[in-house]
Amino acid sequence: MGVSFDKIDGAVLLEFEKQLAANPTPANDRTAKLADPGFGRVFTDHMAVVRYNHTKGWHGARIESRASFALDPATAVLHYAQEIFEGLKAYRRADGGVNLFRPDANARRFWNSAERMAMAPLPEHVFIDAVEHLVRTDRDWIPGGEGSLYLRPFMIANEIFLGVKPSAEYIFAVIASPVGSYFKGGPAPVSIWVSENYTRAAIGGTGAVKCGGNYAASLRAQAEAIEHGCDQVVFLDAVQRRYIEELGGMNIFFVFDDGSLLTPPLGTILPGITRDSIITLAREAGKLVREEPYTIDQWRADAASGKLKEAFACGTAAVISPIGKVHSVSGDFAINGGAAGPVAMGLRKQLVDIQYGRAADAHNWIKKVF
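Quick look at the structure, then. (Residues numbered from 1 in each chain as written. Predicted model: local features only at pLDDT ≥ 70, side-chain atom pairs only at ≥ 80, totals over all residues. Heavy atoms only, no water.)

So, on to the nonpolar core. Judged by nonpolar contacts, the single largest core of 45 residues is most densely connected at Trp58, Ile84, Phe127, Val135, Leu151 and Phe172. For this core, the secondary-structure elements that each account for two or more residues are strand E2 (46-53), strand E3 (57-65), strand E5 (88-92), strand E6 (98-101), helix H3 (103-116), helix H4 (124-137), strand E7 (148-157) and strand E8 (169-179). With 7 residues, H4 is the single largest residue contributor to this core. Those residues in contact with Val135 that lie beyond four places of it in its chain are Ala90, Val98, Leu100, Ile142, Leu151, Val369 and Phe370. By size, the runner-up hydrophobic cluster in this structure holds 24 residues, among which are Val194, Leu247, Trp299 and Val326. (Core = buried A, V, L, I, M, F, W, Y, C linked by side-chain atoms within 4.5 Å. Buried < 20%, exposed > 50% of the residue type's maximum accessible area, 1.4 Å probe, protein only. Helix = DSSP H or I, 4+ residues; strand = E, 2+ residues; numbered from the N terminus. Contact = heavy atoms within 4.5 Å.)

So, in structure tokens, the structure goes:
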């Protein structure tokens, strides 16, 4: 028996029980870790956990000490990869309060990912409550300045069985990791490798889902990029091997000499929340934004002619990363002389200022935790 959808609805009410860590990190040790946390290597003292089974539905919501899960060797996720995740951040405002940026959008995408992976969809308000409770509990771990608290909600299938079917049991959890500024000294243009041997997703597949398998499948191509001295890999479509899709973990935009922007259409790529925010801000500023296919040959030709002025990648971790150089077996080319461009940097500043509460939030994207 798999997911019981009659146990899943928006009316489910869960109270989060708190079982705080008996031995939290001492203040001096926490301060030392926050001085240079890097990305994804330092973790806070607690996690949020909610469980699901087909009899009880979602239940057992808790904030508890961060600890390992005990998993039987036959746990479903270890064999059939029923797993999804999200990524968002908590930002400390100048007044000491804390903002979340569009957590409702993360919650909706998490629901959609769960449905595609035949997992138990988590009600939006439970997702947001879990994130907020954890942020409040571990508020002392949120860095100041341009740092933030990276939040990783995820869900795994934990029924114990060997058989190809949707699991009847799931664990939803949220862990938190303080992170520093993604770019020390300001955003530096990245170099990317065009993957011609590996593809990321096909129509009808899981390209639009934030599941671990998509990222696992991208790692060999990313390793190939590093072997060629590049920072990131960009994938082409799986059918014609011509159309730009996205990077290993980020969406992509192109800026042209008429001021317009272009980004690949949704369908086989992740519907990025940063991507959607950029489209909104650019259109609000009067720019034409097209969501259209764009080939690698056209990218090369437009960069050579000067029609293409900028290219940049975007995502939660880096917000916006300018693309300076593109490498492939067919030859290399540069964009904007390999330098960051004003459109990318202007949009990045707009977004970051909204996230930290330094600019007006005209779209109600910010949820104040406190």
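Past the structure itself, the notes keep going.
With that settled, consider the pattern of salt bridges. For the structure on display, the rule yields 17 salt bridges. The salt bridge involving Glu86 is made with Arg109; its shortest N-O contact spans 2.7 Å. On the criterion of sequence distance, the pair formed by Glu86 in the loop between strand E4 (83-85) and E5 and Arg109 in helix H3 is long-range, its members being 23 residues apart. We classify Glu86 as buried; its relative accessible area is 0%. Classification of Arg109 as buried rests on a relative accessible area of 8%. Across the pair Glu292 and Arg290 runs a salt bridge, and its minimum N-O distance is 3.4 Å. Its relative accessible area of 25% is what places Arg290 among the partly exposed residues. Three or more residues are tied together by salt bridges with common partners; here these are Glu146, Lys349, Asp353 and Arg358. (Salt bridge = Lys/Arg side-chain N within 4 Å of Asp/Glu carboxyl O.)

With respect to burial, strand E15 (residues 308-315) is a largely interior element, 7 of its 8 residues being buried. Judged from the 6 bridges that link them, strand E12 (residues 251-256) and E15 form a sheet pairing that is antiparallel. Along E15, the bridge assignment pairs Val255 with Glu310. Direction of pairing for E15 relative to strand E16 (residues 319-327): antiparallel, over a ladder of 4 bridges. In the sheet register, Ala313 faces E16, and the bridge partner there is Ser321. (Pairing = 2+ DSSP bridges.)

Right, let's talk about the packing of aromatic side chains for a bit. Each aromatic ring pair is summarised here by two numbers: the centre-to-centre distance and the angle between the ring planes. Summed over all chains, the structure comprises 16 aromatic pairs. Summarising the aromatic geometry, the rings of Phe85 and Tyr215 are spaced 5.2 Å apart at their centres and angled 55° between planes, so their arrangement reads as tilted. Linking Phe85 in strand E4 with Tyr215 in helix H5 (residues 212-227), this pair joins segments that are 130 residues apart in sequence. The class of Phe85 is buried, set by a relative accessible area of 9%. (Phe/Tyr/Trp six-rings, centres within 6.5 Å; stacked < 30°, edge-to-face > 60°.)

Note that Thr75 resides in the loop between E3 and helix H2 (76-80). Only 2.7 Å separates the side chain of Thr75 from the backbone oxygen of Asp72, close enough to count as a polar contact. Aside from chain neighbours lying at most four places away, what touches Thr75 is Ala157, Asn158, Glu159 and Ile160. (Polar contact = N/O pair within 3.5 Å; in protein donor to acceptor, adjacent residues only side chain to side chain.)

A cluster of nonpolar side chains, Tyr80, Leu162 and Val164, forms an exposed patch at the surface whose accessible area comes to about 350 Å². Structurally, the position occupied by Tyr80 is in helix H2. Judged by relative accessible area, Tyr80 falls into the partly exposed class, the value being 32%. (Patch = residues over 30% accessible without salt bridge, like charges linked within 9 Å, V, L, I, M, F, W, Y side chains within 5 Å. Areas by Shrake-Rupley, 256 points an atom, 1.4 Å probe, with all protein chains shown as cover.)

A few words now on helix H6 (residues 273-284). Taking 1.5 Å of rise per residue, the 12 residues of H6 would be expected to cover 16 Å, and the 17 Å separating its terminal C-alpha atoms lies within 8% of that figure. Along H6, the residues classified as buried are Ile273, Thr274, Arg275, Ser277, Ile278, Ile279, Leu281 and Ala282. Of the residues trailing H6, Gly286 is marked for its positive phi of about 90°. (Expected span 1.5 Å × (residues − 1).)

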